[in-house]
Amino acid sequence: METKLEKGYTLRRATKEDISQIININIQTLPEHYPYIFYLDHLENYNKAFYVAEADGQIVGYIMPRIEWGLSLLRSFPKFVRKGHVVSIAVLEPFRKRGIGKSLMEKSMNSMKEDFKAEEVYLEVRISNEPAINLYKKLGFSIIKTLSYYYADGEDAYVMAKRL
Ligand code: COA
């Protein structure tokens, strides 16, 4: 299923053939990298929520999710819930600030809720990553806690979450 948007890009579900381009984008944009099999596993298991953005005939962004079962991050009492987890999201630098990141998040979160019956969505983000933190806040996420030394270089992460 393709979604045409006004601003010159298209969102669609990722396919196996997209993985090499997705890996390329990941390497260019983020310090956290994963082996091919990691992408394949997520694609096969959570394909309905795994989206890419295309512009100018190439893939320019992706969102790689997974679905987990665990304690709610948002309730005041202990409750096990199905949670969407944004494992990785990135947009190539020349294509940023056009709404692509926001659209990728919205599509994936919609699928987490509708296709996977997830009740909440969460992610980890570097505490210095202002563009990403702003994007998540704009989408209604709140900072739940800080994970000290979460990243390999020692930076802390915020865990941010939102009810679906
Ligand atoms: N500075 C401040 N806020 C920013 C921003 C920036 N450079 N870029 C995005 N935002 C916030 C704004 O609130 C923006 O809304 P606005 O345009 O109305 O001001 C909102 O996010 C949506 O922006 P959008 O255009 O949809 O985001 P994007 O397509 O540029 O993608 C990222 C955002 C985070 C995915 C992109 O910057 C990226 O790929 N960064 C490198 C990889 C990364 O850090 N991934 C997240 C890991 S947790």
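Now for a description of the structure that goes with this document. As the structure is a prediction and not an experimental result, all values here were calculated from the model. Residue numbers here run from 1 along each chain, matching the order of that chain's written sequence. Side-chain atom pairs in this predicted model are given and counted only at pLDDT of 80 or more, local residue features only at pLDDT of at least 70, and totals for whole chains, interfaces and linings cover all residues. As a convention, hydrogens and water are excluded, and side-chain values are obtained from all of the structure's heavy atoms.

**Points about the overall build of the protein**
Reasoning step 1: Only DSSP runs of H or I covering at least 4 residues are called helices, and only runs of E covering at least 2 are called strands; the numbering of each starts at the N terminus. Along the protein, the regular secondary structure elements total four helices and eight strands.
Reasoning step 2: Scaling as 2.2 N^0.38, a compact globule of 164 residues should have a C-alpha radius of gyration of about 15 Å, and the protein matches this with 15 Å.
Reasoning step 3: Judged by the C-alpha coordinates and their principal axes, the protein covers about 50 × 35 × 30 Å.
Reasoning step 4: The buried label applies to any residue whose accessible area, calculated with a 1.4 Å probe on protein chains only, is under 20% of its type's maximum; exposed applies above 50%, and partly exposed to all values in between. A total of 164 residues make up the protein; the buried ones form 46% of that total.
Reasoning step 5: Using a 1.4 Å probe, accessible areas were evaluated by the Shrake-Rupley method; residue-level cover was limited to the displayed protein chains. Total accessible area on the protein is roughly 8,800 Å²; 50% of this is exposed by carbon and sulfur atoms.
Reasoning step 6: Charge convention: Lys and Arg are scored as positive, Asp and Glu as negative, and His as well as the terminal groups of each chain are ignored. Where a charge sits is defined by one atom per residue type, namely NZ (Lys), CZ (Arg), CG (Asp) or CD (Glu). The protein carries 24 positive and 21 negative side-chain charges, and their two centres are separated by 6 Å. Between the two quantities, the radius of gyration covers C-alpha atoms and the globule rule is 2.2 Å times the number of residues to the power 0.38.

**Looking at the nonpolar core**
Reasoning step 1: What makes a nonpolar core is a set of buried Ala, Val, Leu, Ile, Met, Phe, Trp, Tyr and Cys residues whose side-chain atoms join them at distances within 4.5 Å. Residues Leu104, Met105, Tyr136 and Phe141 are the most contacted members of the largest nonpolar core, which totals 47 residues.
Reasoning step 2: Listing elements by their share of this core, those giving two or more residues are α1 (19-29), α2 (36-46), β3 (51-55), β4 (58-71), β5 (80-91), α3 (100-114), β6 (120-126) and α4 (130-138).
Reasoning step 3: It is β4 that provides the largest number of residues to this core, a total of six residues.
Reasoning step 4: The contact definition used throughout considers only heavy atoms, calling two residues in contact when any of these lie within 4.5 Å. In this structure, tyrosine 136 is in contact with Ile89, Met105, Leu123, Val125, Phe141 and Met160, ignoring residues within four places of it in sequence.

**Describing a nonpolar patch on the surface**
Reasoning step 1: Think of a patch as exposed residues, more than 30% relative accessible area, with no salt bridge, where like charges cluster within 9 Å and nonpolar side chains (Val, Leu, Ile, Met, Phe, Trp, Tyr) cluster within 5 Å. Any carboxyl oxygen of Asp or Glu that lies within 4 Å of a side-chain nitrogen of Lys or Arg is treated as forming a salt bridge with it. A surface patch of nonpolar side chains, amounting to about 370 Å² of accessible area, comprises Trp69, Leu71 and Phe80.
Reasoning step 2: Within the secondary structure layout, phenylalanine 80 lies in strand β5.
Reasoning step 3: Owing to a relative accessible area of 48%, phenylalanine 80 belongs among the partly exposed residues under this scheme.

**Quick word on the packing of α1 against α2**
Reasoning step 1: To define axes, lines are fitted to C-alpha atoms, for helices over the stretch in contact only, and angles between the resulting N-to-C directions are given on a 0 to 180 degree scale. The contact between α1 and α2 brings their axes to 10 Å, and the two run at 120 degrees. By the criterion of interaxial angle, the relationship of α1 to α2 is oblique. Of the two possible hands of crossing, α1 and α2 adopt the one that is right-handed. Mapping the contact onto sequence places Ile19, Ile22, Ile23 and Asn26 in α1 and Tyr36, Tyr39, Leu40 and Leu43 in α2.
Reasoning step 2: The class makeup of the residues in the contact of α1 with α2 is seven nonpolar, one polar and no charged. Orientation categories follow fixed angle ranges, with anything under 35 degrees roughly parallel, anything over 145 roughly antiparallel, 65 to 115 roughly perpendicular, and all other angles oblique. We call a crossing left-handed when the near helix sits turned anticlockwise from the far one by less than a right angle, and right-handed when that turn is clockwise. Asp, Glu, Lys and Arg are counted as charged, while Ala, Val, Leu, Ile, Met, Phe, Trp, Tyr, Cys and Pro are counted as nonpolar; the rest, among them Gly, fall into the polar class.

**Topic: the layout of surface pockets**
Reasoning step 1: By volume, the largest pocket is sized at about 1,200 Å³.
Reasoning step 2: Cavity means a closed set of points on a 1 Å grid over the protein atoms alone, one where a 1.4 Å probe fits but cannot get out, pocket means an open set with protein on both sides within 12 Å along at least 5 of 7 lines, and lining means a residue has an atom within 4 Å of a point. Taken together, 38 residues make up the lining of the largest pocket; nearest its centre are Ile89, Pro131, Ala132, Leu135 and Tyr136.
Reasoning step 3: Residue assignment for the lining of the largest pocket shows that the elements contributing at least two residues are β5, α3, β6 and α4.
Reasoning step 4: Among the elements that take part in the lining of the largest pocket, β5 stands out by supplying seven residues, more than any other.
Reasoning step 5: The residue makeup of the lining of the largest pocket, split by class, is 20 nonpolar, eight polar and 10 charged. Grid points are joined across faces, edges and corners, and a volume is the space filled by probe spheres set on the points.

**A short note on the environment of serine 111**
Reasoning step 1: Looking at where serine 111 falls in the secondary structure, it is placed in helix α3.
Reasoning step 2: On the accessibility criterion, serine 111 (2% relative accessible area) is buried.
Reasoning step 3: As for serine 111 and phenylalanine 50, which are separated by 61 residues in sequence, their C-alpha atoms are 8.8 Å apart.
Reasoning step 4: In contact with serine 111, not counting residues within four places along its chain, are Lys48, Ala49 and Phe116.

**A closer look at the site of the ligand**
Reasoning step 1: The immediate surroundings of the ligand are formed by 21 residues, with Val91, Gly99, Gly101, Asn129 and Lys138 found nearest.
Reasoning step 2: Between the ligand and the protein, one listed contact pairs an oxygen atom with a side-chain N or O atom of arginine 96 at 3.5 Å.
Reasoning step 3: Within 3.5 Å is the distance limit for a polar contact, defined as a pair of N or O atoms, with the added protein rule that one can donate a hydrogen and the other accept it, and that residues adjacent in sequence qualify only through two side-chain atoms. Glycine 101 is positioned such that a nitrogen or oxygen atom in its backbone is 2.8 Å from an oxygen atom of the ligand.
Reasoning step 4: Protein contact buries 78% of the 920 Å² of open area that the ligand shows by itself.
Reasoning step 5: Taking a 2 Å distance to the grid points as the criterion, the majority of the atoms of the ligand fall inside the largest pocket.
Reasoning step 6: Looking at the shell around the ligand, the elements that each hand over two or more residues are β5, α3, β6 and α4.
Reasoning step 7: The biggest single contributor to the shell around the ligand is α4, with six residues.
Reasoning step 8: Per-class residue counts for the shell around the ligand are 10 nonpolar, five polar and six charged. Being near a molecule or strand, for a residue, comes down to having at least one heavy atom within 4 Å of it. Think of it this way: a molecule belongs to a cavity or pocket when more than half its atoms come within 2 Å of the grid points there.

The values reported here are purely geometric and, on their own, carry no functional implication.
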